[in-house]
Amino acid sequence: MFKRYKPFLRASAMDLAVYRFNLIIWLLVTVLQMVCMVFLWFSVYRSSAGGINTIINGFNYKEMIVYTVFTTIFTFVTFNNETLWLIYSDIRKGTIGNYLIKPISYRGKFIAGAIGGYLIMTLMFGLPLFAISYTVFGLIGFITIPTWYDLVFHILLFLVAQFLAVLLNDTITYIFGLFCFYTSSGWGLNSLRATLTSFFSGTLLPLAFFPPVFKDIVNWMPFAGLSQNPILILLLKYDYLSCLKVLGLSIAWIIVLELLAKLIFHNGIKKVTVQGG
Amino acid sequence: MIELINLTKEFKKPIRGKGLSGMIKTLFSRKYEVIEAVKDVSFKINEGEIVGYIGSNGAGKSTTIKMMCGILNPTRGKVLIDGVEPYQKRKQIASKIGVVFGQKTQLWWDIPLIESFKVLKEIYQISDKDYQERLQFLFDVLSLDKFLSQPVRTLSLGQRMRADLAASLLHNPEILFLDEPTIGLDVLAKQKIREAIKAMNAKYKTTVILTTHDMNDIENLCSKVIMIEKGSIIYDGPLMKIKHKFGNIKTLVLSVNPDLDIGSVAKFDGDIDIKKEEDRVDIRFNADKIKLESVINYAFSVLKATDMKVSDISIEDVVKKILSEQEKGK
């Protein structure tokens with residue numbers, strides 16, 4: 001049953017490996033942004049009333065910098081999602097027909113692609129970057145290294161959380177992509193998606209910085225599982241019970257959003273006029 | 001078996017105002033006009049038949065095909081393939097059908113052709129044995145070996161079409177939909193495509209539904225013709241019957257002495273149409289009413305023909321005549 005989707009998994013992995021140059025440029029941009037953020041946080045902490053050792057919303061400056069670096073690596077590895085643009089071009093060029101005549105589900109093809117991309121990105125960048133930065137932060141005392149079993153368990157939980165984040169991100173992107181069925185245009189949809197995602201996922205700044213009630217709402221939204229929660233799991237900011245809670249929340253959201261996506265697809269596909277020919 | 005029952009597809013098209021002010025107006029109020037691309041179409045196609053589905057541009061051919069392969073949902077009516085509606089059980093029907101849209105490729109643009117085939121092998125879950133056997137068969141009838149390792153974007157149109165046809169046949173579909181498979185191809189490439197379709201139909205009893213503007217395709221391949229015009233079926237029956245719609249029209253082409261004056265020789269006793277140009281004379285007549293023998297006699301004894309060719313009316317002429325009558329009727 002899943003075998004039919006193997007080529008799509010392989011193809012998206014191969015695409016990323018082939019367009020290495022693109023990735024390197026993207027990596028450079030990401031690193032530059034990250035450096036800016038690190039300096040920004042430094043000056044925020046230094047200029048606050050209590051000096052460099054102030055704790056802001058539960059983060060001291062070391063934790064804040066580790067959080068910033070880790071989210072950057074994390075989003076670089078998991079957010080390289082082409083789903084919306086692929087749907088957009090399928091609609092524009094009418095190539096959606098090519099997939100609809102094959103014995104595969106349109107959704108399944110994208111899930112396979114997302115997983116393929118994630119695997120290759122984790123191997124090429126995720127594992128080495130996390131290993132290096134974790135070691136460096138450990139050596140300079142930014143991270144207190146926990147007992148070995150805590151570390152192993154949290155890394156395992158983190159990997160699960162990361163995988164769920166990939167699925168969740170792809171589901172959200174897919175839903176936004178499906179709106180191309182109605183709009184036949186992608187730029188606006190993608191900007192909206194990117195803004196919502198980076199704001200509510202804690203990529204821009206941890207959700208602890210939001211005002212109280214708003215913060216609670218955002219924590220229940222699907223976006224927190226996209227980057228903040230996996231990183232906080234890795235940094236041992238959650239006890240085991242909380243870890244299970246946030247993982248459960250992500251799984252619940254994936255199910256709900258997949259059902260919603262199914263509904264939109266079935267409605268939208270009736271509106272599709274396959275262009276040309 | 002394929003069955004279409006009162007199949008109708010309507011498209012909603014926004015009416016746009018002219019110019020910039022019109023564009024701004026359409027942003028706020030949208031009026032739609034409903035276009036019926038396919039109206040109340042019903043027909044049946046049996047297993048193993050090769051059916052020509054013809055009509056002018058925009059007549060509704062592709063829209064019908066897209067509904068038959070499950071890409072488009074009909075507005076009303078239904079399509080049944082072995083009793084199943086393809087747009088409702090899309091995945092189930094997909095393994096039974098093969099589709100070629102002549103105007104766009106289904107192959108992966110950047111990867112070598114053979115890799116595309118391997119991807120299809122996985123998608124359709126074809127066993128190694130079946131894959132090898134069919135690939136060999138398709139190689140033989142379509143001569144793909146010369147460009148098998150080239151990326152699809154580097155293929156010529158004729159090569160690409162052969163590759164697309166092979167791709168649609170790899171999983172041995174029961175039904176093959178071909179939407180203009182010979183569009184833009186040279187004579188030899190067309191020939192190859194036709195031979196492959198014939199071979200596939202003979203070997204695997206594949207049902208073929210073919211749309212085309214090349215009436216040679218129809219005459220070479222199809223036993224049955226369905227004609228659609230402005231969304232409605234205007235003919236559904238055997239090829240021979242549509243050819244004789246205006247009687248059994250035959251044309252005699254003669255070589256004669258260029259100095260021969262048609263006006264001065266004895267007239268033929270009956271309703272025939274004679275045209276002379278240089279050393280060539282064309283005689284058109286209805287063979288149901290006038291004996292071929294008597295016309296040939298007349299050609300040799302009166303017109304002193306030195307050479308002669310008899311040909312049936314081409315389907316192209318019939319279609320032209322039907323279409324122009326439709327135009328006049330409107």
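The rules we used
- Residues numbered from 1 in each chain as written.
- Chains lettered and ligands numbered in written order.
- Predicted model: local features only at pLDDT ≥ 70, side-chain atom pairs only at ≥ 80, totals over all residues.
- Heavy atoms only, no water.
- Helix = DSSP H or I, 4+ residues; strand = E, 2+ residues; numbered from the N terminus.
- Buried < 20%, exposed > 50% of the residue type's maximum accessible area, 1.4 Å probe, protein only.
- Contact = heavy atoms within 4.5 Å.
- Areas by Shrake-Rupley, 256 points an atom, 1.4 Å probe, with all protein chains shown as cover.
- Domains from an automatic or database assignment.
- Axes fitted to C-alpha atoms, helices over the stretch in contact; angles between N-to-C directions.
- Parallel < 35°, antiparallel > 145°, perpendicular 65-115°, else oblique.
- Left-handed = near helix turned anticlockwise from the far one by under 90°.
- Nonpolar A, V, L, I, M, F, W, Y, C, P; charged D, E, K, R; others polar.
- Pairing = 2+ DSSP bridges.
- Buried area = accessible area lost by both parts, 1.4 Å probe.
- Salt bridge = Lys/Arg side-chain N within 4 Å of Asp/Glu carboxyl O.
- Polar contact = N/O pair within 3.5 Å; in protein donor to acceptor, adjacent residues only side chain to side chain.
- Phe/Tyr/Trp six-rings, centres within 6.5 Å; stacked < 30°, edge-to-face > 60°.
- Lys NZ or Arg CZ within 6 Å of the ring centre and 35° of its normal.
- Patch = residues over 30% accessible without salt bridge, like charges linked within 9 Å, V, L, I, M, F, W, Y side chains within 5 Å.

## Thoughts on the overall build of chain B
Moving on, step 1. Within chain B, the regular secondary structure consists of eleven helices and 13 strands.
Moving on, step 2. Principal axes of the C-alpha set define a box for chain B whose edges measure 70 × 55 × 40 Å.
Moving on, step 3. Buried positions account for 50% of the 330 residues belonging to chain B.
Moving on, step 4. Taking as baseline every contact in chain B between residues at least 6 positions apart, the subset at least 24 positions apart corresponds to 70%.
Moving on, step 5. As displayed, chain B has an accessible area near 16400 Å², and 50% of this comes from carbon and sulfur atoms.

## Comments concerning the domain arrangement of chain B
Moving on, step 1. Under the domain assignment, chain B is made up of domain 1 (45–244) and domain 2 (248–312).
Moving on, step 2. Distance from the C-alpha centre of domain 1 of chain B to the C-alpha centre of domain 2 of chain B: 42 Å.

## Observations regarding the packing of helix α4 (residues 113–123) of chain B against helix α5 (residues 128–142) of chain B
Residue and element names in this part refer to chain B.
Moving on, step 1. At their nearest, the axes of α4 and α5 sit 11 Å apart, and the two run at 140° to each other. Our classification of the angle between α4 and α5 gives oblique. Relative to α5, the crossing made by α4 is right-handed. Note on element contacts: α5 touches α4 through D128, Y131 and L135, opposite I114, F117, K118 and K121.

## Re the packing of α4(B) against helix α6 (residues 157–169) of chain B
All names here are of chain B.
Moving on, step 1. At a minimum axis distance of 10 Å, the contact between α4 and α6 shows a crossing angle of 20°. Taken together, the axis directions place α4 and α6 in an arrangement best described as roughly parallel. Seen from above, α4 lies across α6 with right-handed handedness. On α6, the residues that touch L113, F117 and L120 of α4 are A163, A166 and A167.
Moving on, step 2. A class-by-class count of the residues in the contact of α4 with α6 yields six nonpolar, no polar and no charged.

## Things to note about the sheet that holds strand β13 (residues 307–312) of chain B
All names here are of chain B.
Moving on, step 1. A sheet is described by the order of its strands in space; here four strands give the open sequence β11-β12-β10-β13, paired in antiparallel fashion. Each edge of the sheet is formed by a strand with only one pairing partner; in this case those strands are β11 (273–277) and β13. The sheet shows a mean angle of 15° between the axes of neighbouring strands, direction not considered.
Moving on, step 2. In terms of strand pairing, β11 meets strand β12 (residues 280–286) through five bridges, oriented antiparallel. When the sheet's bridge partners are listed, I274 is paired in β12 with I283.
Moving on, step 3. Together, β10 (249–255), β11, β12 and β13 form the strand contacts of helix α10 (residues 292–301), whose direction differs from that of β10 by roughly 20°.

## A word on the interface of chain B and chain A
Moving on, step 1. The partner chain A presents 27 residues to the 25 residues of chain B that form the contact.
Moving on, step 2. Interface of chain B and chain A: buried area, both sides summed, is about 2400 Å²; carbon and sulfur atoms make up 56% of it.
Moving on, step 3. Scanning the region where chain B abuts chain A turns up two salt bridges.
Moving on, step 4. For R10(A), the salt bridge goes to E122(B), with nearest N and O atoms at 2.9 Å.
Moving on, step 5. On the surface where chain B and chain A come into contact, there are five residue pairs in polar contact (both at pLDDT 80 or more).

## Some points on the pairing of β12(B)
Each regular strand displays side chains that alternate between the two surfaces of the sheet.
Residue and element names in this part refer to chain B.
Moving on, step 1. Where β10 and β12 come together, seven bridges link them in antiparallel fashion. From the neighbouring strand, I249 faces β12, where its bridge partner is N286.
Moving on, step 2. Remark: two residues form the turn of the hairpin made by β11 and β12, two consecutive strands paired antiparallel; E278 in that turn has positive phi of roughly 50°.

## Here we look at the packing of aromatic side chains
All names here are of chain A.
Moving on, step 1. Taken as a whole and assessed by the stated rule, the structure comprises 35 aromatic pairs over all chains.
Moving on, step 2. Taken together, a centroid distance of 6.0 Å and an interplanar angle of 50° make the contact between F110 and Y174 tilted. Pair noted here: F110 is in helix α6 (residues 106–139) and Y174 is in helix α7 (residues 148–178), with a separation of 64 residues, a long-range link. Pair check on accessibility: F110 and Y174 agree, each one buried.
Moving on, step 3. Of note, K109 hangs over the ring of Y99, and the distance from its end group to the ring centre comes to 4.0 Å.

## Details of a nonpolar patch on the surface
Residue and element names in this part refer to chain A.
Moving on, step 1. On the surface, W148, Y149, V152, F153, I155, L156, L159 and Y240 cluster together into a nonpolar patch covering about 810 Å² of accessible area.
Moving on, step 2. The biggest single contributor to the nonpolar patch is α7, with seven residues.
Moving on, step 3. When you line up the elements, F153 lands in helix α7.

## Some words on the side chain of N201(B)
All names here are of chain B.
Moving on, step 1. Along the chain, the position of N201 falls in helix α7 (residues 187–204).
Moving on, step 2. Separated by 3.1 Å, the side chain of N201 and the backbone oxygen of G48 make a polar contact.
Moving on, step 3. Polar side-chain contacts of N201 include one of 2.7 Å to the backbone oxygen of T206.
Moving on, step 4. If near-sequence neighbours (up to four positions away) are discounted, N201 is found in contact with G48, E49, I50 and T206.

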